[in-house]
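The chain contents come next:
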Amino acid sequence: MQKSYKNNIINDELEINSNKCRNILSEAKRCLNCATKPCSLKCPLDIDIPSFISAIKEQKFFDAYNRICEKSPFPAICSKICPQNKQCESGCVRKNKGSSVQISKLESFVASIYDNLGVKENNKPTKIISAKIKKVAVIGSGPAGLSCAYYLKKYGHAVSIFEKLAKVGGMLNYGIPESRLSKDILKNEIKKIQKMGVSIYTNVNVGSDVYLYDLIKIKGFDAIFLSLGTWKARRLDIYGEDSRNVVNFVDFLISYHKGKSVLDKKSINNIAVVGGGSVAIDVARLALTLKNVKNVYLIYRRSINEMLASENEITVAKSEGVKFQMLTNVKKIVTNSVGTISKILCSKNELTNKLDSSKRFSFKEIIKSDFEINVDAVITCVGSAASEFPVQDPYFKMIYDKNGKIQTNEKSQCTNVPEIFFGGDMILGPSTAAAAMAHGKKVAENINNYLNTT
Ligand code: SF4
């Protein structure tokens, strides 16, 4: 009864914004409620998309929100940063005869209704599922860690997150610019899990400030999830890469979000950003906002169709003035006698008709196609890898694999220390936020299973 009363309140509120509501309802009505759920099949979180859209059609917006939350802990975040055109919307059958249902718009609307009119009861765990209530520490507050904490709390466990940086969210906070994910949305989602009862401690470096051993043996945690991100940027491995004003995207973004700059701002007018993903676009757009910067070139070795960034991201970046230099290979960073960058030496590529392991057309260099672009700085954005394992523990002897990663059981994500689970981007590799959240949810299930057997 209470739920429908709340839904009525929301409907009353929406009367005020009836235009927006009408647009959303008409978009929802385009959904055919396909029994095979091709959209859900493309969603890393396996959200029951037709079901939440059906709730929207009935104007039951909290129901819609709760249906999303069965699989996705943070709808507001996903609706803003998921590449929907490559995930759920790419599976929509409506796409075959026109345009796909705008699932991201519907999800974003439902999430904003919740955030604006959120009901306290919805912030609490819906029910305690776990037979035993235990204490769990989550190390790292990126999407996998936050998601794991959310679902562990839903099971009813006492959950604490330990984050080594000053702000919560990992790459959600430090890696994604305000234009794509507003800090308010992130703060609201973090508040949501704090209201559920999850404790969050920042500036705590597990491995130096506190040992895993202490957490288990002294603080009494029954299980630990090590959810560590991939903060080590990959290199281009070309001549000149170690020059001043050549920076990687991790350093650039972290310093940018701290209000500092790793680049020498005074002398930089032209910047090359090398990469083709959403983060490269974010970096290029941010670079364009730096003082004195006149030109930002986004340099990618394949064509625009192979870019991992979404169509919308590309369109926005172009409209803001980012210059797209596609099918271009950066071969060398050229500096003058005092080590200042003057230009980059590039060559043109062409696509072959063969697909590579990423299922995109591979490319090859066109002979004698060298050319130069005058730039004063280069930001590399060609992916990230696991940094060296930062949690050293003198008491727990963890077993490492040949790549230096902690060995885990593939199914349970459990390490050789039964209480410690290991995951996040260090296991997944750099992934989308939705894939990391799905992983965090799975680890929460595994930890809950473990806790119920101890
Ligand atoms: Fe609706 Fe498209 Fe999903 Fe079919 S594929 S259920 S039309 S969103």
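Structure: above.
1. Focus on helix H13 (residues 249-257)
Turning to H13, its buried residues number three or more, namely Phe249, Val250, Phe252, Leu253 and Tyr256. Projection of H13 onto a plane perpendicular to its axis shows the buried side chains occupying an angular sector of 165 degrees, all on one side. Just past H13, the residue Gly259 takes up positive phi, approximately 80 degrees.

2. Examining the sheet that holds strand E16 (residues 420-423)
Sheet architecture is open: five strands sit in the order E3-E2-E1-E4-E16, paired in parallel fashion. Edge positions in the sheet fall to strand E3 (199-201) and E16, since each of these pairs with one other strand and no more. Going across the sheet, the axis of each strand differs from the next one's by a mean of 20 degrees, ignoring polarity. Sheet analysis places strand E4 (residues 223-227) next to E16, joined by four bridges and oriented parallel. Across the sheet, the residue bridging to Phe225 is Phe421, located in E16. Its contacts with the sheet place helix H17 (residues 433-453) against strand E1 (135-139), E4 and E16, and it is angled at close to 160 degrees to E4.

3. What to know about the site of the ligand
The environment of the ligand is made up of 15 residues, and the closest members are Cys31, Cys34, Cys39, Pro50 and Cys92. Looking at the shell around the ligand, the elements with two or more residues in it are helix H3 (38-41) and helix H4 (49-57). Among the elements that line the shell around the ligand, the one with the most residues is H4, at three residues. A class-by-class count of the residues in the shell around the ligand yields 12 nonpolar, two polar and one charged.

4. Some details on the packing of helix H14 (residues 278-288) against helix H15 (residues 311-320)
Put simply, H14 and H15 touch, their axes get as near as 10 Å, and they point 20 degrees apart. Regarding the angle of H14 to H15, the classification is roughly parallel. Taken as a pair, H14 and H15 cross one another with a handedness that is left-handed. For the pair formed by H14 and H15, the contact residues are Ser278, Ile281, Ala284, Arg285 and Leu288 on the first element and Glu313, Ile314, Ala317 and Glu320 on the second. Residues that form the contact of H14 with H15 fall into these classes: five nonpolar, one polar and three charged.

5. Some points on the nonpolar core
Val110, Ile224, Val273, Val283 and Ile379 are the most contacted members of the largest nonpolar core, which totals 128 residues. Here the element with the most residues in this core is H17; it accounts for nine residues. Residue contacts for Ile224: discarding those within four places in its chain leaves Ala137, Ile139, Leu212, Leu215, Ile216, Glu419, Ile420 and Phe421.

6. Brief notes about the packing of H13 against H14
The contact between H13 and H14 brings their axes to 11 Å, and the two run at 50 degrees. Between H13 and H14, the crossing angle belongs to the class labelled oblique. Between H13 and H14 lies a crossing whose hand is left-handed. For the pair formed by H13 and H14, the contact residues are Phe249, Phe252, Leu253 and Tyr256 on the first element and Val279, Val283 and Leu286 on the second. Its residues assigned to classes, the contact of H13 with H14 comprises seven nonpolar, no polar and no charged.

7. Let's talk about unusual backbone geometry
Of note in this structure, Asn33 is not a glycine but carries a positive phi near 55 degrees. Note on placement: Asn33 falls in the loop between helix H2 (18-29) and H3. Despite not being glycine, Asn245 has its phi angle at roughly 70 degrees, a positive value. Mapped onto the elements of the fold, Asn245 is located in the loop between strand E5 (232-233) and strand E6 (246-248). Take Asn245: there are 20 C-beta atoms within 10 Å of it, and that puts it in the buried class.

8. Quick notes on the environment of Glu350
Mapped onto the elements of the fold, Glu350 is located in strand E11 (residues 341-355). A residue is classified by how many C-beta atoms lie within 10 Å of it, and Glu350, with 12 of them, is exposed. Along the sequence, Glu350 and Arg302 sit 48 residues apart, while their C-alpha atoms lie 7.6 Å from each other. If we ignore the near neighbours within four places in the chain, the residues touching Glu350 are Leu327, Phe363, Lys364 and Ile366.

9. Considering the sheet that holds E6
Reading across the sheet, the five strands line up as E6-E14-E7-E8-E9 and stay open at both edges, with parallel pairing between neighbours. Only two strands of the sheet have a single partner each, and these edge strands are E6 and strand E9 (323-325). On average, each strand axis in the sheet is inclined to that of its neighbour by 20 degrees, with strand direction left out of account. Pairing of E6 with strand E14 (residues 377-380) involves three bridges; the strand directions are parallel. Bridge pairing in E14 places Val247 opposite Ile379.

Conventions adopted
- Residues numbered from 1 in each chain as written.
- Predicted model: local features only at pLDDT ≥ 70, side-chain atom pairs only at ≥ 80, totals over all residues.
- Buried ≥ 20, exposed ≤ 12 C-beta atoms within 10 Å, placed from the backbone.
- Helix = DSSP H or I, 4+ residues; strand = E, 2+ residues; numbered from the N terminus.
- Arc of directions from axis to C-beta.
- Pairing = 2+ DSSP bridges.
- Axes fitted to C-alpha atoms, helices over the stretch in contact; angles between N-to-C directions.
- Contact = placed C-beta atoms within 7 Å.
- Near = placed C-beta within 6 Å.
- Nonpolar A, V, L, I, M, F, W, Y, C, P; charged D, E, K, R; others polar.
- Parallel < 35°, antiparallel > 145°, perpendicular 65-115°, else oblique.
- Left-handed = near helix turned anticlockwise from the far one by under 90°.
- Core = buried A, V, L, I, M, F, W, Y, C linked by C-beta atoms within 7 Å.

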